[in-house]
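As a plain string of letters, each chain reads:
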Amino acid sequence: MDKRNKHKVAPIGIFDSGYGGLTVFEKIREQMPAYDYIYLGDNARSPYGNRSFEVVYKFTRQAVFHLFQEGCPLVILACNTASAKALRTIQMRDLPHLNPFNRVLGVIRPTVEVLDQLSRSKHIGVLGTSGTISSESYTIEVAKMFPHIQVTEEACPMWVPLVENREYDSPGADYFIRKHLDRLFTQDADIDTLILACTHYPLLLDKIKKYIPEQVKLISQGEYVADRLKDYLLRHPEMENRLTHTGSCRFLTTESAEKFSDAASVFLDEPIHVEQITIDA
Ligand code: DGL
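Rules behind the numbers
- Within any chain, residue numbers begin from 1 and follow the written order of that chain's sequence.
- Given that this is a predicted model, residues contribute local features only at a pLDDT of at least 70 and side-chain atom pairs are listed and counted only at 80 or more, while totals for whole chains, interfaces and linings are drawn from all residues.
- The side-chain figures draw on all heavy atoms in the structure; neither hydrogens nor water molecules are used.
- Each helix is a run of H or I in the DSSP string that is no shorter than four residues. Each strand is a run of E no shorter than two, and both are numbered from the N terminus.
- Note that the radius of gyration is over C-alpha atoms, with the globule rule given as 2.2 Å times the number of residues to the power 0.38.
- With a 1.4 Å probe rolled over the protein chains alone, any residue whose accessible area is under 20% of its type maximum counts as buried; one over 50% counts as exposed, and the rest are partly exposed.
- By the convention used here, residues are in contact when the closest approach between their heavy atoms is within 4.5 Å.
- All accessibility values rest on the Shrake-Rupley procedure with a 1.4 Å probe; residue burial counts only the protein chains present in the view.
- Lys and Arg are tallied as positive, Asp and Glu as negative. Neither His nor the chain termini are counted.
- Taken as the charge location is NZ of Lys, CZ of Arg, CG of Asp or CD of Glu.
- Pairing of aromatic side chains requires ring centres within 6.5 Å, counting the rings of Phe and Tyr and the six-membered ring of Trp. Pairs whose planes differ by under 30 degrees are stacked, by over 60 edge-to-face, and all others tilted.
- The criterion for strand pairing is that DSSP finds at least two bridges linking the strands in question.
- As a rule, the C-alpha atoms of each element are fitted with a line to give its axis, helices using only the stretch in contact, and angles between N-to-C directions run from 0 to 180 degrees.
- The span you would expect from a helix comes to 1.5 Å times its residue count less one.
- When at least one non-hydrogen atom of a residue lies within 4 Å of a molecule or strand, that residue is treated as near it.
- Pairs of N or O atoms within 3.5 Å make up the polar contacts considered here, provided that, within protein, one atom can donate a hydrogen while the other can accept it, and that residues adjacent in sequence are counted only when both atoms are side-chain atoms.
- Each residue is assigned to one class: nonpolar for Ala, Val, Leu, Ile, Met, Phe, Trp, Tyr, Cys and Pro, charged for Asp, Glu, Lys and Arg, and polar for all the others, Gly among them.
- Along the chain, pLDDT gives the predictor's confidence residue by residue, from 0 to 100.

Caption draft 1: Local environment of the overall build of the protein chain. Tallying secondary structure elements over the protein chain gives 15 helices and 10 strands in all. Relative to the globule expectation of 19 Å for 281 residues, the C-alpha radius of gyration of the protein chain, 18 Å, shows essentially globular dimensions. Across its three principal axes, the protein chain shows a C-alpha extent of roughly 55 × 40 × 35 Å. Buried positions account for 55% of the 281 residues belonging to the protein chain. Partitioning the intrachain contacts of the protein chain with sequence separation of at least 6 by distance along the chain shows that 79% fall at a separation of at least 24. Surface accessibility of the protein chain: about 12600 Å² in total, with carbon and sulfur atoms responsible for 50%. Looking at the protein chain, you have 32 positive and 37 negative side-chain charges, and the mean spots of the two groups are 4 Å apart.

In structure tokens form, the structure reads like this:
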């Protein structure tokens, strides 16, 4: 059944492997409260960070397909790992036959676009999951757009589990955060701009600030992704006209709805209603 008719809304779909994308969703909704949204977290299969290209691609494609079925003409992959490992293949291989008029956008490009104006030293650090860092997506994207910028990347595989297990304020968090920041700045002491290239990391912001030089700028992606999305919709009236504006918001998860609404309270200031779904068909 085409669920578009059932809900009579054409929302913006926001996808993440789990909760992290809520940090992006929050900023998007803050800037554009009138639109309808569906947030989908694939919590039953998260984290994606250490998974292979094939698996991240397969899971992400299933999620995008589900959001299209729910009536979303536009889907944002609010997950760096999915953006790094699945976005391009979905855009090139799947969209033309799934629905050539729908769009899927990621978080890497909007983040890279602001780097030249933010960095004075032109030395950038990138912190992300093993999947995002091993894909070298940031280095590749920066080289295309700003070849004069030097990029140093560091994988922080323990940081997502710290957030997911609500250990972000613990002494254990200090250990793992310091370890990766020390490694990064040992490789390049001239870094003046640091990308939190994982949508979970804004939850670690206070601790990260403790272990970096004061003058280093920290980039949480949410506001930049929201800015670029606003701009995209201005430049693409054919997409903007398809989106509905009743201000509704649905939250879907592949894990327990109760667990999701409980954990989401760490990311959002309001209680939410959550629906459990399956997307692995
Ligand atoms: N939200 C994902 C990202 O931004 C990280 C979580 C995961 O590993 O699934 O990369």
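Caption draft 2: Broad picture of the packing of aromatic side chains. Per the stated rule, a full pass over the model turns up 12 aromatic pairs. With centroids separated by 5.9 Å and ring planes inclined at 25 degrees, the aromatic side chains of Tyr19 and Phe267 adopt a geometry described as stacked. Of this pair, Tyr19 sits in the loop between strand S1 (12-16) and helix H2 (22-31) while Phe267 sits in the loop between helix H15 (257-264) and strand S10 (274-276); the two residues are 248 residues apart in sequence, bridging distant segments of the chain. You'll find Tyr19 and Phe267 in the same group, each marked buried. With 6.3 Å between their ring centres and 20 degrees between their planes, Phe53 and Tyr57 make a pair best called stacked. Taken together, the residues span about one helical turn, with Phe53 and Tyr57 both in helix H3 (residues 53-69) at a distance of four residues.

Caption draft 3: How the structure looks around the sheet that holds strand S2 (residues 37-41). Taken in spatial order, the six strands make up an open sheet running S4-S3-S1-S2-S9-S10, and their pairing is parallel. Every other strand in the sheet has two partners, leaving strand S4 (103-105) and S10 as the edge strands with one partner each. With strand direction ignored, the average angle separating the axes of adjacent strands in the sheet is 20 degrees. The sheet contact formed by strand S9 (residues 249-253) and S10 spans three bridges and is parallel. Bridge pairing in S10 links Leu252 to Glu275. Of the strands in this sheet, S1, S2 and S9 are in contact with H2, which crosses S2 at around 170 degrees. The sheet contacts of helix H13 (residues 221-235) involve S1, strand S3 (74-77) and S4, and relative to S3 the element is tilted by about 160 degrees.

Caption draft 4: Expanded view of H3. For H3, which comprises 17 residues, the first-to-last C-alpha distance of 24 Å matches the rise-based estimate of 24 Å (1.5 Å per residue) to within 8%. Backbone geometry just downstream of H3 places Gly71 in the positive-phi region, at approximately 100 degrees.

Caption draft 5: Up close: the environment of Pro157. Note on placement: Pro157 falls in the loop between strand S6 (150-155) and helix H10 (159-164). Assessed through its relative accessible area of 37%, Pro157 is described here as partly exposed. Separated by 18 residues in the primary sequence, Pro157 and Thr139 place their C-alpha atoms 19 Å from one another. Residues contacting Pro157, with those up to four places away along its chain left out, are Ser130 and His180.

Caption draft 6: The arrangement of the sheet that holds strand S5 (residues 123-128) in detail. What the four strands build is an open sheet, ordered S6-S5-S7-S8; its pairing is parallel. With one partner strand each, in any of the chains shown, S6 and strand S8 (217-220) form the two edges of the open sheet. Across the sheet, the mean angle from the axis of one strand to that of its neighbour is 20 degrees, orientation sign disregarded. The sheet contact formed by S5 and S6 spans six bridges and is parallel. Pairing of Val126 across the sheet is with Glu153, part of S6. Strand contacts of helix H11 (residues 171-187): S5, S6 and strand S7 (193-196), with the helix running at about 155 degrees to S6, the strand carrying the most contacts. Running over the sheet, H13 touches S7 and S8 and is turned about 60 degrees from S8.

Caption draft 7: Quick peek at the side chain of Ser220. Relative to the helices and strands, Ser220 is located in strand S8. Setting aside residues up to four positions removed in sequence, Ser220 forms contacts with Leu196, Pro202 and Leu205.

Caption draft 8: Region of the structure containing the site of the ligand. Taken together, 13 residues lie around the ligand, and Ser17, Tyr48, Gly49, Thr81 and Thr199 are the ones closest in. Asp16 places a side-chain nitrogen or oxygen 2.9 Å from a nitrogen atom of the ligand. Protein contacts shield 99% of the accessible area of the ligand, which totals 300 Å² for the unbound molecule. Broken down by class, the residue content of the shell around the ligand amounts to five nonpolar, seven polar and one charged.

Caption draft 9: The arrangement of the confidence of the model for the protein chain in detail. This prediction gives the protein chain a mean pLDDT of 94; 97% of its residues lie at or above 70. With pLDDT under 50 throughout, residues 1-5 is counted as low confidence; its partners more than four residues away or in other chains account for nine contacts.

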